[in-house]
Amino acid sequence: MSKSLAFGRTHMAIPGPSVMPDRVLQAMHRAAPNIYEGELIEHSESLYRDLNLIARNSGEVVIYIGNGHAAWEASLVNLLSRGDQVLALVTGRFGRGWVAIAEGLGLDVQVLDFGAEQSADPAQIEAALQADTEHKIKAVITVQTDTATSITNNIPAIREVMTSADHPAMLMVDCIASFACERFDMDAWGVDVMITASQKGLMTPPGIALVFIQDTVWPRHKEADLKTPYWDWHSRVYPAYFAARFCGTPPTHHLYGLREALDMLLEEGMENVWHRHHVQAAAVWAAVDAWAQSGALTFNVALVSDRSLAVTTIKTRDGLASNLRAWCEKETGLTLGVGLSLAPDGGTTDSNVFRIGHMGHLNPHSLLGTLGCVEMGLMALGVDVSVSGVASAMKVIERKSA
Ligand SMILES: *Cc1c(COP(=O)(O)O)cnc(C)c1O
(Lines give C-alpha, C1' and ligand atoms only; values in the text may rest on other atoms or scores of the structure.)
Protein backbone atom coordinates (compact mmCIF):
# COMPACT_ATOMS: atom_id res chain seq x y z
CA MET A 1 0.00 0.00 0.00
CA SER A 2 1.24 3.49 -0.70
CA LYS A 3 1.96 5.98 2.03
CA SER A 4 -0.96 7.11 4.21
CA LEU A 5 -2.36 10.60 3.60
CA ALA A 6 -3.28 10.99 7.28
CA PHE A 7 -1.33 14.05 8.25
CA GLY A 8 -1.93 17.00 10.55
CA ARG A 9 -4.79 17.26 13.03
CA THR A 10 -6.56 14.01 13.82
CA HIS A 11 -10.31 13.77 14.40
CA MET A 12 -12.09 11.92 17.18
CA ALA A 13 -15.53 10.56 16.34
CA ILE A 14 -15.73 8.50 19.51
CA PRO A 15 -18.43 9.04 22.14
CA GLY A 16 -16.13 10.82 24.56
CA PRO A 17 -13.74 12.30 25.19
CA SER A 18 -15.11 14.44 22.39
CA VAL A 19 -13.48 17.09 20.19
CA MET A 20 -12.23 20.06 22.21
CA PRO A 21 -12.87 23.45 20.58
CA ASP A 22 -9.85 25.72 20.08
CA ARG A 23 -11.62 28.31 22.24
CA VAL A 24 -11.68 25.85 25.16
CA LEU A 25 -8.05 24.88 24.69
CA GLN A 26 -6.97 28.52 24.46
CA ALA A 27 -8.90 29.45 27.59
CA MET A 28 -6.88 26.84 29.48
CA HIS A 29 -3.56 28.02 28.08
CA ARG A 30 -2.71 30.56 30.77
CA ALA A 31 -0.80 31.19 33.95
CA ALA A 32 -1.93 29.66 37.21
CA PRO A 33 -4.48 31.85 39.00
CA ASN A 34 -4.63 32.84 42.64
CA ILE A 35 -6.94 30.28 44.21
CA TYR A 36 -7.58 32.30 47.38
CA GLU A 37 -9.09 35.51 46.07
CA GLY A 38 -9.96 37.43 42.95
CA GLU A 39 -11.07 36.47 39.50
CA LEU A 40 -11.18 32.68 39.82
CA ILE A 41 -13.73 32.91 42.62
CA GLU A 42 -16.21 35.12 40.76
CA HIS A 43 -15.64 33.14 37.63
CA SER A 44 -16.47 29.88 39.45
CA GLU A 45 -19.72 31.29 40.80
CA SER A 46 -20.82 31.96 37.24
CA LEU A 47 -20.24 28.30 36.39
CA TYR A 48 -22.78 27.11 38.95
CA ARG A 49 -25.34 29.58 37.63
CA ASP A 50 -24.85 28.67 33.97
CA LEU A 51 -24.65 24.90 34.50
CA ASN A 52 -28.02 25.09 36.22
CA LEU A 53 -29.36 27.24 33.39
CA ILE A 54 -28.38 24.57 30.86
CA ALA A 55 -29.77 21.71 32.98
CA ARG A 56 -32.90 23.80 33.78
CA ASN A 57 -32.33 23.04 37.44
CA SER A 58 -33.55 25.30 40.22
CA GLY A 59 -31.54 23.31 42.80
CA GLU A 60 -27.80 23.03 43.32
CA VAL A 61 -24.86 21.72 41.32
CA VAL A 62 -21.71 20.19 42.74
CA ILE A 63 -18.43 20.18 40.81
CA TYR A 64 -15.95 17.40 41.56
CA ILE A 65 -12.49 16.66 40.27
CA GLY A 66 -13.43 13.32 38.77
CA ASN A 67 -14.87 11.44 35.81
CA GLY A 68 -18.23 9.83 35.17
CA HIS A 69 -17.54 7.01 37.60
CA ALA A 70 -16.95 9.61 40.31
CA ALA A 71 -20.36 11.12 39.57
CA TRP A 72 -21.96 7.65 39.77
CA GLU A 73 -20.48 7.13 43.24
CA ALA A 74 -21.10 10.68 44.48
CA SER A 75 -24.79 10.56 43.61
CA LEU A 76 -25.36 7.31 45.51
CA VAL A 77 -23.32 7.95 48.66
CA ASN A 78 -24.96 11.30 49.36
CA LEU A 79 -28.51 9.95 49.40
CA LEU A 80 -28.48 6.29 50.37
CA SER A 81 -27.55 3.98 53.22
CA ARG A 82 -25.97 0.53 53.18
CA GLY A 83 -28.64 -2.07 52.36
CA ASP A 84 -31.07 0.41 50.75
CA GLN A 85 -32.93 -0.91 47.74
CA VAL A 86 -32.34 0.63 44.32
CA LEU A 87 -34.19 -0.15 41.09
CA ALA A 88 -31.77 0.02 38.16
CA LEU A 89 -32.98 0.31 34.57
CA VAL A 90 -30.37 -1.24 32.29
CA THR A 91 -30.19 -0.69 28.53
CA GLY A 92 -26.51 -1.45 28.03
CA ARG A 93 -23.09 -1.48 29.53
CA PHE A 94 -23.23 1.99 31.12
CA GLY A 95 -26.41 1.19 33.03
CA ARG A 96 -24.64 -1.92 34.29
CA GLY A 97 -21.61 0.16 35.25
CA TRP A 98 -23.70 2.24 37.64
CA VAL A 99 -25.15 -1.00 39.06
CA ALA A 100 -21.63 -2.29 39.74
CA ILE A 101 -20.79 0.85 41.73
CA ALA A 102 -24.08 0.59 43.66
CA GLU A 103 -23.46 -3.05 44.51
CA GLY A 104 -19.90 -2.25 45.54
CA LEU A 105 -21.30 0.28 48.01
CA GLY A 106 -23.46 -2.40 49.61
CA LEU A 107 -26.77 -1.31 48.10
CA ASP A 108 -29.44 -3.88 47.31
CA VAL A 109 -29.90 -3.46 43.56
CA GLN A 110 -32.87 -4.82 41.64
CA VAL A 111 -32.01 -4.79 37.93
CA LEU A 112 -34.60 -4.41 35.18
CA ASP A 113 -32.66 -5.34 32.06
CA PHE A 114 -34.31 -4.24 28.82
CA GLY A 115 -31.69 -5.78 26.56
CA ALA A 116 -29.36 -3.99 24.17
CA GLU A 117 -31.68 -2.84 21.39
CA GLN A 118 -34.59 -0.91 22.86
CA SER A 119 -35.36 1.67 25.50
CA ALA A 120 -36.62 0.96 29.02
CA ASP A 121 -40.30 0.01 28.97
CA PRO A 122 -42.32 2.28 31.30
CA ALA A 123 -45.01 -0.38 31.86
CA GLN A 124 -42.44 -2.81 33.35
CA ILE A 125 -41.06 -0.07 35.57
CA GLU A 126 -44.54 0.77 36.78
CA ALA A 127 -45.20 -2.91 37.58
CA ALA A 128 -41.95 -3.18 39.56
CA LEU A 129 -42.82 -0.08 41.57
CA GLN A 130 -46.39 -1.23 42.22
CA ALA A 131 -45.05 -4.57 43.48
CA ASP A 132 -42.99 -2.65 46.06
CA THR A 133 -45.96 -1.99 48.34
CA GLU A 134 -43.74 -1.21 51.35
CA HIS A 135 -41.78 1.41 49.38
CA LYS A 136 -38.45 -0.21 50.07
CA ILE A 137 -37.03 1.07 46.77
CA LYS A 138 -35.34 4.36 47.58
CA ALA A 139 -34.12 5.31 44.12
CA VAL A 140 -34.64 4.52 40.45
CA ILE A 141 -31.36 4.87 38.55
CA THR A 142 -31.18 5.10 34.77
CA VAL A 143 -29.11 6.50 31.94
CA GLN A 144 -30.66 8.96 29.49
CA THR A 145 -28.36 7.63 26.75
CA ASP A 146 -26.45 4.38 27.06
CA THR A 147 -23.21 5.05 25.23
CA ALA A 148 -22.52 1.39 24.40
CA THR A 149 -25.85 0.53 22.77
CA SER A 150 -26.76 4.12 21.74
CA ILE A 151 -30.21 3.64 23.24
CA THR A 152 -31.95 6.71 24.62
CA ASN A 153 -34.52 6.34 27.38
CA ASN A 154 -37.62 8.48 27.70
CA ILE A 155 -37.04 10.21 31.05
CA PRO A 156 -40.41 12.05 31.28
CA ALA A 157 -42.21 8.73 30.60
CA ILE A 158 -40.24 7.09 33.43
CA ARG A 159 -41.15 9.89 35.84
CA GLU A 160 -44.77 9.60 34.73
CA VAL A 161 -45.04 5.94 35.79
CA MET A 162 -43.28 6.67 39.09
CA THR A 163 -45.96 9.28 39.74
CA SER A 164 -48.83 7.07 38.60
CA ALA A 165 -47.53 4.23 40.81
CA ASP A 166 -47.52 6.82 43.60
CA HIS A 167 -44.02 5.72 44.54
CA PRO A 168 -41.74 8.03 46.56
CA ALA A 169 -38.40 6.76 45.14
CA MET A 170 -35.98 9.39 43.85
CA LEU A 171 -35.28 9.51 40.12
CA MET A 172 -31.54 9.64 39.39
CA VAL A 173 -30.43 10.07 35.79
CA ASP A 174 -27.01 9.63 34.16
CA CYS A 175 -26.75 12.22 31.37
CA ILE A 176 -23.00 11.80 30.89
CA ALA A 177 -23.33 11.01 27.17
CA SER A 178 -26.36 13.17 26.48
CA PHE A 179 -25.95 16.41 28.44
CA ALA A 180 -25.80 19.43 26.12
CA CYS A 181 -26.64 17.11 23.20
CA GLU A 182 -30.21 15.99 23.90
CA ARG A 183 -33.03 17.95 25.47
CA PHE A 184 -33.03 17.75 29.24
CA ASP A 185 -35.27 19.69 31.61
CA MET A 186 -34.52 18.77 35.21
CA ASP A 187 -37.28 20.79 36.93
CA ALA A 188 -40.06 20.06 34.45
CA TRP A 189 -39.20 16.38 34.18
CA GLY A 190 -39.08 15.86 37.94
CA VAL A 191 -35.54 14.48 38.00
CA ASP A 192 -34.16 14.51 41.57
CA VAL A 193 -30.51 13.94 40.71
CA MET A 194 -28.69 14.24 37.39
CA ILE A 195 -25.05 13.48 36.79
CA THR A 196 -22.71 14.32 33.97
CA ALA A 197 -19.04 14.89 33.21
CA SER A 198 -16.96 17.42 31.30
CA GLN A 199 -15.64 15.37 28.39
CA LYS A 200 -18.66 14.72 26.21
CA GLY A 201 -21.31 17.30 25.27
CA LEU A 202 -19.48 19.83 27.43
CA MET A 203 -16.42 19.70 25.13
CA THR A 204 -13.92 20.09 28.00
CA PRO A 205 -11.09 17.66 28.84
CA PRO A 206 -11.96 14.71 31.11
CA GLY A 207 -11.50 15.58 34.77
CA ILE A 208 -14.71 17.21 36.00
CA ALA A 209 -17.74 15.34 37.33
CA LEU A 210 -20.99 17.20 37.90
CA VAL A 211 -23.95 16.32 40.10
CA PHE A 212 -27.16 18.34 39.84
CA ILE A 213 -29.58 18.02 42.74
CA GLN A 214 -33.07 19.25 43.51
CA ASP A 215 -33.67 20.89 46.86
CA THR A 216 -36.17 18.14 47.73
CA VAL A 217 -33.38 15.60 48.32
CA TRP A 218 -31.78 17.29 51.36
CA PRO A 219 -33.83 15.33 53.95
CA ARG A 220 -32.58 12.10 52.32
CA HIS A 221 -29.04 13.46 52.35
CA LYS A 222 -29.29 13.96 56.10
CA GLU A 223 -30.22 10.30 56.64
CA ALA A 224 -27.73 8.76 54.20
CA ASP A 225 -25.04 6.75 55.98
CA LEU A 226 -22.83 6.16 52.93
CA LYS A 227 -21.61 9.79 52.98
CA THR A 228 -17.86 10.34 53.31
CA PRO A 229 -16.12 13.70 53.77
CA TYR A 230 -14.71 14.05 50.26
CA TRP A 231 -17.97 13.27 48.46
CA ASP A 232 -20.36 15.02 50.87
CA TRP A 233 -22.40 17.68 49.09
CA HIS A 234 -23.11 19.77 52.14
CA SER A 235 -19.69 21.35 52.59
CA ARG A 236 -19.44 21.94 48.84
CA VAL A 237 -22.85 23.60 48.48
CA TYR A 238 -22.43 25.63 51.69
CA PRO A 239 -18.65 26.19 51.67
CA ALA A 240 -16.97 27.79 54.67
CA TYR A 241 -14.33 29.19 52.27
CA PHE A 242 -13.89 29.01 48.48
CA ALA A 243 -11.70 25.89 48.25
CA ALA A 244 -14.24 23.96 50.35
CA ARG A 245 -16.41 23.91 47.21
CA PHE A 246 -13.85 21.45 45.87
CA CYS A 247 -12.77 19.90 49.17
CA GLY A 248 -9.31 21.26 48.41
CA THR A 249 -7.51 22.77 45.44
CA PRO A 250 -9.93 23.64 42.62
CA PRO A 251 -9.33 22.20 39.14
CA THR A 252 -8.28 25.67 38.00
CA HIS A 253 -7.64 25.15 34.29
CA HIS A 254 -10.58 22.85 33.82
CA LEU A 255 -12.74 25.60 35.25
CA TYR A 256 -11.42 28.06 32.64
CA GLY A 257 -12.06 25.53 29.90
CA LEU A 258 -15.54 24.77 31.17
CA ARG A 259 -16.34 28.51 31.40
CA GLU A 260 -15.48 28.91 27.72
CA ALA A 261 -17.50 25.81 26.74
CA LEU A 262 -20.55 27.14 28.59
CA ASP A 263 -20.11 30.50 26.82
CA MET A 264 -20.11 28.70 23.48
CA LEU A 265 -23.27 26.75 24.33
CA LEU A 266 -25.09 29.83 25.61
CA GLU A 267 -24.04 31.92 22.60
CA GLU A 268 -25.48 29.26 20.30
CA GLY A 269 -28.55 28.84 22.52
CA MET A 270 -29.59 25.47 23.94
CA GLU A 271 -32.55 25.09 21.57
CA ASN A 272 -30.11 25.49 18.67
CA VAL A 273 -27.57 23.16 20.26
CA TRP A 274 -30.22 20.47 20.61
CA HIS A 275 -31.49 21.10 17.07
CA ARG A 276 -27.95 20.87 15.67
CA HIS A 277 -27.45 17.53 17.40
CA HIS A 278 -30.81 16.33 16.11
CA VAL A 279 -30.07 17.25 12.49
CA GLN A 280 -26.55 15.83 12.66
CA ALA A 281 -27.79 12.59 14.26
CA ALA A 282 -30.40 12.30 11.51
CA ALA A 283 -27.62 12.80 8.95
CA VAL A 284 -25.65 9.91 10.49
CA TRP A 285 -28.79 7.72 10.45
CA ALA A 286 -29.39 8.58 6.77
CA ALA A 287 -25.82 7.56 5.98
CA VAL A 288 -26.11 4.29 7.92
CA ASP A 289 -29.45 3.56 6.22
CA ALA A 290 -27.76 3.96 2.83
CA TRP A 291 -24.72 1.82 3.75
CA ALA A 292 -27.05 -0.82 5.24
CA GLN A 293 -28.41 -1.48 1.76
CA SER A 294 -25.15 -3.34 1.08
CA GLY A 295 -26.12 -5.88 3.75
CA ALA A 296 -22.73 -5.40 5.41
CA LEU A 297 -23.93 -3.44 8.42
CA THR A 298 -27.00 -2.48 10.41
CA PHE A 299 -28.17 -0.20 13.23
CA ASN A 300 -28.05 -1.57 16.75
CA VAL A 301 -31.22 0.40 17.59
CA ALA A 302 -33.93 -0.06 14.96
CA LEU A 303 -36.53 2.32 16.35
CA VAL A 304 -35.66 5.96 15.55
CA SER A 305 -37.31 7.28 18.72
CA ASP A 306 -35.05 5.02 20.83
CA ARG A 307 -31.84 6.34 19.23
CA SER A 308 -29.34 8.66 20.84
CA LEU A 309 -28.58 12.07 19.35
CA ALA A 310 -24.99 11.81 20.60
CA VAL A 311 -23.73 8.39 19.45
CA THR A 312 -24.73 5.71 16.95
CA THR A 313 -23.84 2.04 17.42
CA ILE A 314 -23.45 0.01 14.25
CA LYS A 315 -23.22 -3.77 13.89
CA THR A 316 -21.28 -5.56 11.15
CA ARG A 317 -20.17 -9.10 10.28
CA ASP A 318 -16.82 -10.86 9.69
CA GLY A 319 -14.75 -8.39 11.70
CA LEU A 320 -15.64 -5.48 9.39
CA ALA A 321 -16.01 -3.03 12.31
CA SER A 322 -12.45 -3.58 13.56
CA ASN A 323 -11.02 -3.44 10.07
CA LEU A 324 -12.92 -0.24 9.30
CA ARG A 325 -11.71 1.46 12.49
CA ALA A 326 -8.14 0.48 11.73
CA TRP A 327 -8.40 1.64 8.10
CA CYS A 328 -9.92 5.02 9.00
CA GLU A 329 -7.32 5.70 11.67
CA LYS A 330 -4.36 4.74 9.53
CA GLU A 331 -5.43 6.18 6.20
CA THR A 332 -7.44 9.24 7.22
CA GLY A 333 -6.59 10.23 10.81
CA LEU A 334 -10.17 9.58 11.91
CA THR A 335 -10.76 7.63 15.12
CA LEU A 336 -14.09 5.79 15.39
CA GLY A 337 -15.54 4.42 18.62
CA VAL A 338 -14.77 0.82 19.55
CA GLY A 339 -17.61 -1.61 20.01
CA LEU A 340 -18.32 -2.19 23.66
CA SER A 341 -19.78 -5.63 23.90
CA LEU A 342 -23.55 -5.69 23.56
CA ALA A 343 -23.89 -9.09 25.23
CA PRO A 344 -24.64 -8.92 28.98
CA ASP A 345 -21.51 -10.78 30.05
CA GLY A 346 -19.36 -10.29 26.98
CA GLY A 347 -15.84 -8.98 26.73
CA THR A 348 -14.85 -5.37 26.49
CA THR A 349 -14.64 -4.94 22.74
CA ASP A 350 -16.44 -6.56 19.89
CA SER A 351 -14.82 -6.75 16.46
CA ASN A 352 -18.24 -6.48 14.81
CA VAL A 353 -19.44 -3.34 16.52
CA PHE A 354 -18.31 0.25 16.05
CA ARG A 355 -19.68 3.57 17.18
CA ILE A 356 -19.77 6.99 15.62
CA GLY A 357 -19.70 9.72 18.26
CA HIS A 358 -21.61 12.84 17.17
CA MET A 359 -21.61 14.78 20.41
CA GLY A 360 -20.37 18.21 21.27
CA HIS A 361 -18.14 20.28 18.99
CA LEU A 362 -19.37 19.12 15.61
CA ASN A 363 -20.55 20.92 12.51
CA PRO A 364 -21.49 19.94 8.95
CA HIS A 365 -17.94 19.88 7.62
CA SER A 366 -16.53 17.83 10.47
CA LEU A 367 -19.47 15.42 10.37
CA LEU A 368 -19.39 15.03 6.58
CA GLY A 369 -15.63 14.51 6.80
CA THR A 370 -16.24 11.69 9.26
CA LEU A 371 -18.95 10.10 7.15
CA GLY A 372 -16.86 10.49 3.98
CA CYS A 373 -13.93 8.68 5.60
CA VAL A 374 -16.21 5.87 6.81
CA GLU A 375 -17.74 5.49 3.35
CA MET A 376 -14.30 5.42 1.76
CA GLY A 377 -13.18 2.82 4.30
CA LEU A 378 -16.19 0.65 3.51
CA MET A 379 -15.32 0.88 -0.19
CA ALA A 380 -11.67 0.05 0.48
CA LEU A 381 -12.74 -3.01 2.45
CA GLY A 382 -14.85 -4.30 -0.41
CA VAL A 383 -18.32 -3.28 0.74
CA ASP A 384 -20.62 -2.48 -2.16
CA VAL A 385 -21.51 1.15 -1.44
CA SER A 386 -23.75 1.76 -4.44
CA VAL A 387 -25.97 4.09 -2.43
CA SER A 388 -23.87 6.90 -0.98
CA GLY A 389 -24.36 7.49 2.72
CA VAL A 390 -22.59 10.83 2.43
CA ALA A 391 -25.01 12.03 -0.25
CA SER A 392 -27.94 10.98 1.95
CA ALA A 393 -26.45 12.80 4.94
CA MET A 394 -25.86 15.93 2.88
CA LYS A 395 -29.55 16.08 1.97
CA VAL A 396 -30.54 15.93 5.64
CA ILE A 397 -28.09 18.67 6.61
CA GLU A 398 -29.02 20.88 3.65
CA ARG A 399 -32.72 20.74 4.61
CA LYS A 400 -31.81 21.13 8.31
CA SER A 401 -34.79 19.02 9.17
CA ALA A 402 -34.39 16.16 11.57
C1 LIG B 1 -18.81 8.07 29.48
C2 LIG B 1 -19.94 7.59 30.30
C3 LIG B 1 -19.78 7.14 31.63
C4 LIG B 1 -18.42 6.98 32.26
O5 LIG B 1 -17.68 8.13 32.31
P6 LIG B 1 -16.12 8.05 32.73
O7 LIG B 1 -15.71 9.48 32.66
O8 LIG B 1 -15.46 7.20 31.72
O9 LIG B 1 -16.06 7.50 34.09
C10 LIG B 1 -20.89 6.80 32.34
N11 LIG B 1 -22.12 6.86 31.81
C12 LIG B 1 -22.32 7.25 30.53
C13 LIG B 1 -23.72 7.29 29.99
C14 LIG B 1 -21.25 7.63 29.75
O15 LIG B 1 -21.44 8.03 28.47
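J.: Help me out: how do you make sense of the sheet that holds strand 11 (residues 297–299) in this one?
T.: Paired through backbone hydrogen bonds, the strands of a sheet run either parallel or antiparallel to each other. A sheet is described by the order of its strands in space; here five strands give the open sequence 1-13-14-12-11, paired in mixed fashion. Strand pairing shows two members of the sheet lacking a second neighbour, strand 1 (11–13) and strand 11, which therefore form its edges. Averaged over all adjacent pairs, the angle separating strand axes in this sheet is 35 degrees, with direction ignored. Judged from the three bridges that link them, strand 11 and strand 12 (residues 311–316) form a sheet pairing that is antiparallel.

J.: Which parts of the structure should I look at to understand empty space enclosed by the protein?
T.: Remark: the empty space left among the atoms is shown by a probe the size of a water molecule rolled over them. Under the criterion given, the structure shown has one cavity of 30 Å³ or more. Estimates place the volume of the largest cavity at around 50 Å³. In this structure, the largest cavity is lined by H11, M12, A13, I14, S18, V19, G357, H358, M359, H361 and L362. Of all the elements, strand 1 adds the most residues to the lining of the largest cavity, at three residues.

J.: Would you take a moment to explain the packing of helix 3 (residues 68–77) against helix 4 (residues 93–104) for this structure?
T.: In a pair of packed helices, the angle between the axes and the distance between the axes together describe the arrangement. At a closest axis distance of 10 Å, the pairing of helix 3 and helix 4 adopts a crossing angle of 50 degrees. With respect to their mutual orientation, helix 3 and helix 4 come out oblique. Regarding helix 3 and helix 4, the two cross each other, and that crossing is right-handed. Only F94, G97, W98, I101 and A102 of helix 4 make contact with helix 3, whose side of the interface consists of H69, W72, E73, S75 and L76.

J.: What's the story with the site of the ligand in this structure? I'm lost.
T.: The immediate surroundings of the ligand are formed by N67, G68, H69, W72, F94, T145, T147, D174, I176, A177, Q199 and K200. Take H69: an N or O atom from its side chain is 2.5 Å from an oxygen atom of the ligand. D174 has a polar side-chain atom sitting 2.7 Å from a nitrogen atom of the ligand. In the complex, 90% of the free accessible area of the ligand, which totals 380 Å², lies under the protein chains.

J.: Would you take a moment to explain the pairing of strand 8 (residues 170–174) for this structure?
T.: Every other side chain in a regular strand lies on the same face of the sheet, so the side chains alternate between the two faces. Counting buried residues along strand 8, five of its five residues qualify, which places the element largely inside the surrounding structure. Examined bridge by bridge, strand 8 and strand 9 (residues 193–197) share three bridges and lie parallel to one another. Across the sheet, residue M172 finds its bridge partner in strand 9, namely V193.

J.: What is the right way to look at the pairing of strand 3 (residues 85–90) in this model?
T.: When you tally the buried positions in strand 3, you get five out of six residues, the bulk of the element. As paired strands, strand 3 and strand 4 (residues 108–113) are joined by six bridges and run parallel to one another. For V86, the partnering residue across the bridge sits in strand 4 and is V109. Taken together, the four bridges between strand 3 and strand 5 (residues 137–143) define a ladder with parallel strand orientation. Bridge pairing links L87 to V140 in strand 5.

J.: Even after reading the chapter, I still don't get unusual backbone geometry, so can you show me in this structure?
T.: In terms of backbone geometry, most residues other than glycine have negative phi values and most peptide bonds are trans. For the peptide bond that leads from G16 to P17, omega is -5 degrees, which places it in the cis range. Tracing the chain through its elements places P17 in the loop between strand 1 and helix 1 (22–28). Despite not being glycine, D166 shows a phi value in the positive range, around 55 degrees. Mapped onto the elements of the fold, D166 is located in the loop between helix 6 (155–164) and strand 8. Even without being glycine, C247 reaches a positive phi, approximately 50 degrees.

J.: What is the right way to look at the environment of L381 in this model?
T.: Along the chain, L381 turns up in the loop between helix 13 (364–380) and helix 14 (389–399). Setting aside chain neighbours within four positions, we find L381 in contact with L320, N323 and L324.

J.: So what exactly am I meant to see when it comes to the pattern of salt bridges here?
T.: When the charged atoms of two side chains with opposite charge come close together, those side chains can pair. In total, this model carries 17 salt bridges according to the counting rule given. In this structure, R49 and D50 form a salt bridge, with 3.1 Å as the shortest nitrogen-oxygen distance. Relative accessible area serves as the criterion here: at 55%, R49 is assigned to the exposed category. R183 serves as the salt-bridge partner of E271, at 2.6 Å between the closest nitrogen and oxygen. Here R183 lies in the loop between strand 8 and helix 7 (186–189) and E271 lies in helix 11 (residues 270–292), a separation of 88 residues in the sequence. Overall, the relative accessible area of 41% leaves E271 in the partly exposed class. Each of R49, D50, R259 and D263 takes part in one network of salt bridges that share partners.

About the cut-offs
- Residues numbered from 1 in each chain as written.
- Predicted model: local features only at pLDDT ≥ 70, side-chain atom pairs only at ≥ 80, totals over all residues.
- Heavy atoms only, no water.
- Pairing = 2+ DSSP bridges.
- Helix = DSSP H or I, 4+ residues; strand = E, 2+ residues; numbered from the N terminus.
- Axes fitted to C-alpha atoms, helices over the stretch in contact; angles between N-to-C directions.
- 1 Å grid on protein atoms, 1.4 Å probe; cavity = no way out; pocket = protein on both sides within 12 Å on 5 of 7 lines; lining within 4 Å.
- Points joined across faces, edges and corners; volume = space filled by probe spheres on them.
- Parallel < 35°, antiparallel > 145°, perpendicular 65-115°, else oblique.
- Left-handed = near helix turned anticlockwise from the far one by under 90°.
- Contact = heavy atoms within 4.5 Å.
- Near = heavy atom within 4 Å.
- Polar contact = N/O pair within 3.5 Å; in protein donor to acceptor, adjacent residues only side chain to side chain.
- Areas by Shrake-Rupley, 256 points an atom, 1.4 Å probe, with all protein chains shown as cover.
- Buried < 20%, exposed > 50% of the residue type's maximum accessible area, 1.4 Å probe, protein only.
- Salt bridge = Lys/Arg side-chain N within 4 Å of Asp/Glu carboxyl O.

In short, shape yes, function no, at least from these values alone.
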